[in-house]
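Given next are the chains, with one letter for each unit.
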Amino acid sequence: MKGKAAGFILAFCVTLFAFADVPVRKEEFIYSILAFNGRDYSGTFAREEADTIYLIAGVDNFLTAKKTFVYFWPITGEWRTDTQGLDQEMSGTLEVYSDKEQPVKLTPEKYTYYNVRGVYELNWNVAKGKEADKVRSHYEDLVDEYWKAISEYYNKRAEYESRLDKITGEITERRKRGEDVTSLLEELKTMKPPARPQPPEEYTVPPVPVKSGFIINLPVGEYRIRFLTPDGFIMQGSEKKIVVFEKRREGGIGYEIIPGDKWTRPSESKTPHSVLYVDGTTDLYLRPFYQDEFNDLYYEKMRRNDSRGNPNLMKWVRMQQVPEARIEMSPMDGNITTVTEEPFYVEQVQGASLGYRIVPFDAEGKHEGREPSIRAFHIPIERERGVLKISLFDREGKQILSGKRQIRVIPGAGFKTGLFLLAFVPLLVMGVVLFFRRKRYSD
Amino acid sequence: MNLRIHAARVIARRKTLETVLNPGFYIAQTAGLLLGYILITGFTGAIDSSGFSFELNPVYDFVGRAMVGAFGRTFVDKLFSEGPFLLALYISFLPSFFYLSINSVFRFSFEKKVGAIELISYGPADGTSCFLASYVKDILLTLLTIAILFIYFAVAAFNNNIVLGSRFLYSVPLILFTSSALYAYGILAAVATDNAVSAISLYMGIVIFFLIILMGTFSIVSGYVSTLSGVFTRIAGWLSPLFYWNLSLTGVESGKAGFFITGIVILSVLTGIVLFASHLIVGVKGVRK
Amino acid sequence: MIKTRGLVKKYGSFTAVDGVDLNIPTGEIYGLLGPNGAGKTSTIMMLLGIVKPTRGDIFLFGEPYNPKRLDLRKRIGVVPENHPHGMWSWMTAYEYLEMFAELFEVKDKERRIEKLLSQVRLSEVINKKIGEFSRGMLQKLSFVRALLHDPDILFLDEPISGLDPLGIKQIRDLILEENREGRTIFISSHLLSEMEKICHRVAIISRGRLMAEDRMESLLNNLSRERKILIDLESIPSELPDEVKRLSYVLDCRGDGNTLVITVPREGDYRKGLSEFLIKKNLIPLSIKEQMVSLEEAFVTITKENVEMLAAMGESR
């Protein structure tokens, strides 16, 4: 009897699992989108049901028409593609048109994009057609040269180590025999290990492998697109609206704020002239960055087509670090001090607390041979109530007004009881008013 | 002086005194300040070494999550970018605003029903004088409420080393002009209907409609609700004082003083138009009970 | 002072006032009589500018009346039938009157308020909340309010209804005193006996039409078709009233204690005939008096079509 019951429960559970929500894969026509988001390129896709694609104006964006499996992933609440199951690029043309203009037919074009090193981080370039192959090929040549240099380096290193072993061995032998080793020691002193070759420094983001797609670079406005198969038919689900937008403001300053006790949990202060409230338990390490302001909905949907956003709000988006800047700090006592960006190292605190602390990076001392953990502006914070105003100056020494912030240390306890009682003052006034009013009648 | 204005002034003084002698006014003020207290102390309790994080305080965690869900993170970040006072100002103002406006709508309908407006209209006054008096009373007591809130928040700000914030300061006049337009809608509801229940229902319907449009504007909910809200906004958004409130605040945020001033001017014009519409309705319907 | 020409008020298909012509000179106490729904209130409301006439003209103070001219209303005082229920109950009598004094821009308001309150014997309650006032006190307070600004015309709508006899007398005296000062007073009332004591001229309105309008005595003389002769006897035999009724000129007869009340036509002198008839019956008249028909009776006569309505009104009172 017990066995039958157990069997029944097992069968019930199996049935439940069988009917549980399983993402349903559906073959769909999609636009695979590689959109420039102001900082770098991010990928998303527009499935058949999506009616609008969002792109930033005046930059190259890449669209590819594909057939793939699409499914909804409830855990993250987003739509995904299963390109391992099906990833078929469609051949055909893309028609872009607006109410005012005649349709423009686009054919797929080869492209690559890359970011070259400079004072600023955003040095993006797009190479199209043959130029794309050339750029990529140049990069591949650099990589080949690098690997060749690495190979040579390892050979020389092996030679160097072999010679080193040989000399040290001979010194040992000669000393045992009581012979002079001066010449060998001289040779040992002059011996230098081979220098390790550096990877190509020309790029911060090297040219991506050359791909083929529709390159879309449009001015601000609303457009429509549709994909035509080689035989001239409009692909079902390919007609979409394109909203091309631009930033409302640029060059704003945001700060990445790293508290001394939580360097893994930095926060950001993006609203210009906003106030940063801290409890004063630790110093702060700031990293200023340039930011541009975009429509919240447009930007979010440009980054991920099925995401949500607020159409009536503008948001600041982090773009790149402010290079070679300095920060002026004005505390309440009026003594202005200037800080510059410095390297810091995060050290594990010894003992049972398992904490860590941020200390100045000592390149030639105890941190020799290591890389700094962070580069930031160290802002010492008073442990008591206070106000610290900070201003940011760029590499030319010009103040960036949107970089002004206040850091306020708020006392932990405050005047809570007093504030609570103060809220009842209107009732007290009521009592007084009604008392005098009543007294007037009785008189 | 224009007799109608003179009458409005005389009646407004009595209406103001009547409200000031009513415990409800003080209870609304206290409720507003207590809400402000909760928001301010909640904010200070949600600050640690890395700044403000609403997850650290149960009240803020609840409010913050709900707001992030409805309006998005950007909205919430901006709301608290200068401190708690912007939200506290609006939330704390609500009890007094609803008390004053609903009380005025109710009283006007009641006075019409019992013949008080008719009695006043036997003299050098008319229905317009009466509703203008009600409007002036609401404005005076709104100024008083804002002054009380300002003082309370200034004390709280000083005490906790928090700034009131530029958007808070801009919101102080803005809240007056916005509520002024909403009071005008209350008057319109009162003169257009024949009893207090209908008047209050109509007024609340108007306010809720405007709120839905506004929340729909900020909502990140997509699909049907968003589309519906968009349609409502296109059709009737221009009638809503909250639409111009938003325009002004957007101007403040983007540093465009012109937007702020334009919003305030339009709010004043809207108030005038709604009051004029009320005047016309009173003229047609009369003040007979 | 008050003049109307062809005043008409229609509510949809219902005609509340149908071509009313009034002409009230300065200093007159004018009474407008009529049963409920006769058009009294509509007429007053039109005169006050609260209700717009459908047709017709109103002249106040010798010029066409424009209700939008609020300055003209400063010359009018109004006492409505009822004080708005629950209104201004938080105010003291002084605060209440002060509000209206300010509204009418009364000079030396404090003295004026005190003087008027003392006239209606309300000085004692000057600082009492009007929410605690009786109906009579409220009515007197209303009267004071209406007189605050020394109006040229006083409109009184049922000014003494609900008052106790003393209150009625105080208000009556006040009305007469105000009239002596030259104020024109327009009274609408259903208390006919009081109107008789106060009004110089009355108009009777029924179904929106002005049925009669004249000085009090003329109205009674012209409109009543009969009068009463009251004869006091030592005793009245039971069969006497019926025997008197058989006389050709007697319309009605009844005994009231030791008084024989005989109704005869308005024209002719029947006292001698009646006296001889009683002597023949060995009854000696101790006194013979003639009594004019009351306003109430005249009213019934004039608005015969409304007899039932008046009867109902009488019952309800």
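Residues numbered from 1 in each chain as written. Chains lettered and ligands numbered in written order. Predicted model: local features only at pLDDT ≥ 70, side-chain atom pairs only at ≥ 80, totals over all residues. Heavy atoms only, no water.

Asks: Where do I start with the overall build of chain A in this structure?
Replies: From N to C terminus, chain A includes 6 helices and 25 strands. In terms of overall dimensions, chain A is more spread out than a globule: its C-alpha atoms have a radius of gyration of 33 Å, far above the 22 Å expected for 443 residues. Expressed along its principal axes, the backbone C-alpha trace of chain A runs to roughly 125 × 80 × 75 Å. Here chain A holds 443 residues, and 41% of them are scored as buried. Of the contacts formed within chain A by residues at least 6 apart in sequence, a portion of 65% connects residues at least 24 apart. Here chain A has roughly 25600 Å² of accessible surface; of this, 53% comes from carbon and sulfur atoms. For chain A, the centre of its 65 positive side-chain charges and the centre of its 65 negative side-chain charges are spaced 7 Å apart. (Helix = DSSP H or I, 4+ residues; strand = E, 2+ residues; numbered from the N terminus. Rg over C-alpha atoms; globule rule 2.2 N^0.38 Å. Buried < 20%, exposed > 50% of the residue type's maximum accessible area, 1.4 Å probe, protein only. Contact = heavy atoms within 4.5 Å. Areas by Shrake-Rupley, 256 points an atom, 1.4 Å probe, with all protein chains shown as cover. Lys, Arg positive; Asp, Glu negative; His and termini not counted. Charge placed at Lys NZ, Arg CZ, Asp CG, Glu CD.)

Asks: Would you mind showing me how to read a nonpolar patch on the surface here?
Replies: All names here are of chain A. On the surface, Leu428, Val432, Phe435 and Phe436 cluster together into a nonpolar patch covering about 440 Å² of accessible area. Within the secondary structure, leucine 428 is located in helix α6 (residues 425–442). You can call leucine 428 exposed: its relative accessible area is 59%. (Patch = residues over 30% accessible without salt bridge, like charges linked within 9 Å, V, L, I, M, F, W, Y side chains within 5 Å. Salt bridge = Lys/Arg side-chain N within 4 Å of Asp/Glu carboxyl O.)

Asks: How should I be thinking about the interface of chain B and chain A in this particular structure?
Replies: Often, the extent of an interface is quoted as the loss of accessible area on bringing the components together. Facing the 45 residues of chain B at the interface are 50 residues of chain A. When the area that chain B buries against chain A is broken down by residue, the three leading residues are Tyr26, Ser49 and Asn161 of chain B, summing to 17%. At the boundary of chain B and chain A, one finds 2 salt bridges. A salt bridge links glutamate 253 of chain B to arginine 248 of chain A; the shortest N-O distance between them is 3.9 Å. (Buried area = accessible area lost by both parts, 1.4 Å probe.)

Asks: I'm lost on the nonpolar core in this one. Help?
Replies: Note that soluble globular proteins tend to have their nonpolar side chains buried in a common cluster. Counting 180 residues, the largest nonpolar core has Phe153 of chain B together with Trp88, Phe100, Phe155 and Phe186 of chain C as the members making the most contacts within it. The biggest single contributor to this core is helix α8 (residues 166–192) of chain B, with 15 residues. Of the residues that make up this core, three or more belong to each of domain 3 (251–409) and domain 4 (414–443) of chain A. Among residues more than four places away in sequence, those in contact with phenylalanine 186 of chain C are Ile2, Leu22, Ile24, Tyr30, Leu32, Ile44, Leu47, Leu154, Phe155 and Leu156 of chain C. The next biggest cluster of nonpolar side chains, apart from the first, holds 43 residues, and it includes Ala35, Ala57, Phe62 and Phe227 of chain A. (Core = buried A, V, L, I, M, F, W, Y, C linked by side-chain atoms within 4.5 Å. Domains from an automatic or database assignment.)

Asks: Help me out: how do you make sense of the packing of aromatic side chains in this one?
Replies: One pass over the full model with this rule turns up 56 aromatic pairs over all chains. With centroids separated by 5.1 Å and ring planes inclined at 50 degrees, the aromatic side chains of phenylalanine 52 of chain B and phenylalanine 80 of chain B adopt a geometry described as tilted. Here the residue phenylalanine 52 of chain B occupies a position in strand β2 (residues 51–52), and phenylalanine 80 of chain B occupies one in the loop between α4 (73–79) and α5 (85–114), the gap between them amounting to 28 residues. Given the relative accessible area of 23%, phenylalanine 52 of chain B is considered partly exposed. In this structure an aromatic cluster arises from ring pairing among Phe36, Tyr41, Phe62, Tyr111, Tyr113 and Trp124 of chain A. Between arginine 385 of chain A and the ring centre of phenylalanine 158 of chain B, over which it is positioned, the NZ or CZ distance is 5.4 Å. A cation over a ring is seen here: arginine 145 of chain C above phenylalanine 100 of chain C, with NZ or CZ 5.3 Å from the ring centre. (Phe/Tyr/Trp six-rings, centres within 6.5 Å; stacked < 30°, edge-to-face > 60°. Lys NZ or Arg CZ within 6 Å of the ring centre and 35° of its normal.)

Asks: Whenever I open this one, the sheet that holds strand β14 (residues 287–291) of chain C confuses me. Can you help?
Replies: In any sheet, the strands associate via hydrogen bonds between backbone groups, in a parallel or an antiparallel arrangement. All names here are of chain C. With antiparallel pairing, the 4 strands of this open sheet are ordered in space as β12-β13-β11-β14. The open sheet has two free edges, formed respectively by β12 (252–256) and β14, since each of these has just one partner strand. Averaged over all neighbouring strand pairs, the angle between strand axes comes to 20 degrees, with direction disregarded. Pairing geometry for strand β11 (residues 226–232) and β14, over 5 bridges, is antiparallel. (Pairing = 2+ DSSP bridges. Axes fitted to C-alpha atoms, helices over the stretch in contact; angles between N-to-C directions.)

Asks: Any chance you could explain the sheet that holds strand β6 (residues 76–79) of chain C here in plain terms?
Replies: All names here are of chain C. Read across the sheet, 6 strands follow the order β6-β7-β8-β3-β9-β10 without closing on themselves; strand pairing throughout is mixed. A single partner strand is all that each edge strand has here, and the edge strands are β6 and β10 (209–215). Taken over all neighbouring pairs, the strand axes of this sheet differ in orientation by 15 degrees on average, direction set aside.

Asks: Which parts of the structure should I look at to understand the domain arrangement of chain A?
Replies: Annotation of chain A at the domain level lists domain 1 (21–128 + 210–245), domain 2 (131–204), domain 3 (251–409) and domain 4 (414–443). Between the C-alpha centres of domain 1 of chain A and domain 4 of chain A the distance comes to 66 Å.

Asks: Just to check I follow, could you spell out the pattern of salt bridges for this structure?
Replies: All names here are of chain B. Under the defined criterion, the tally for this structure stands at 68 salt bridges over all chains. Its salt-bridge partner being aspartate 194, residue lysine 285 comes within 2.9 Å of it at the nearest N-O pair. Taken together, the residues lysine 285 in helix α12 (residues 257–285) and aspartate 194 in the loop between α8 and α9 (196–218) connect sequence positions 91 residues apart. Its relative accessible area of 37% is what places lysine 285 among the partly exposed residues.

Asks: Where do I start with the packing of helix α2 (residues 129–177) of chain A against helix α3 (residues 182–190) of chain A in this structure?
Replies: Describing two packed helices takes the angle between their axes plus the distance from one axis to the other. Residue and element names in this part refer to chain A. At a minimum axis separation of 10 Å, α2 and α3 run at an interaxial angle of 155 degrees. Regarding the angle of α2 to α3, the classification is roughly antiparallel. As α2 packs across α3, the resulting crossing turns out to be left-handed. The segment α2 lies against α3, with Arg163, Leu164, Ile167, Glu170, Ile171, Arg174 and Arg175 engaging Ser183, Leu184, Leu185, Glu187 and Leu188. Of the residues in the contact of α2 with α3, the class split is 6 nonpolar, 1 polar and 5 charged. (Parallel < 35°, antiparallel > 145°, perpendicular 65-115°, else oblique. Left-handed = near helix turned anticlockwise from the far one by under 90°. Nonpolar A, V, L, I, M, F, W, Y, C, P; charged D, E, K, R; others polar.)

Asks: Could you clarify how one ought to interpret unusual backbone geometry in this entry?
Replies: Only a minority of non-glycine residues have a phi that is not negative, and only a minority of peptide bonds are not trans. Of note in this structure, histidine 273 of chain A is not a glycine but carries a positive phi near 65 degrees. Counting through the fold element by element, histidine 273 of chain A comes out in the loop between β15 (267–269) and β16 (275–278). Backbone geometry places arginine 121 of chain C, a non-glycine residue, at a positive phi of 55 degrees. Position of arginine 121 of chain C relative to the elements: it lies in the loop between α4 (109–119) and α5 (135–147). A residue is classified by how much of its surface remains accessible, and arginine 121 of chain C, at 60% relative accessible area, is exposed.

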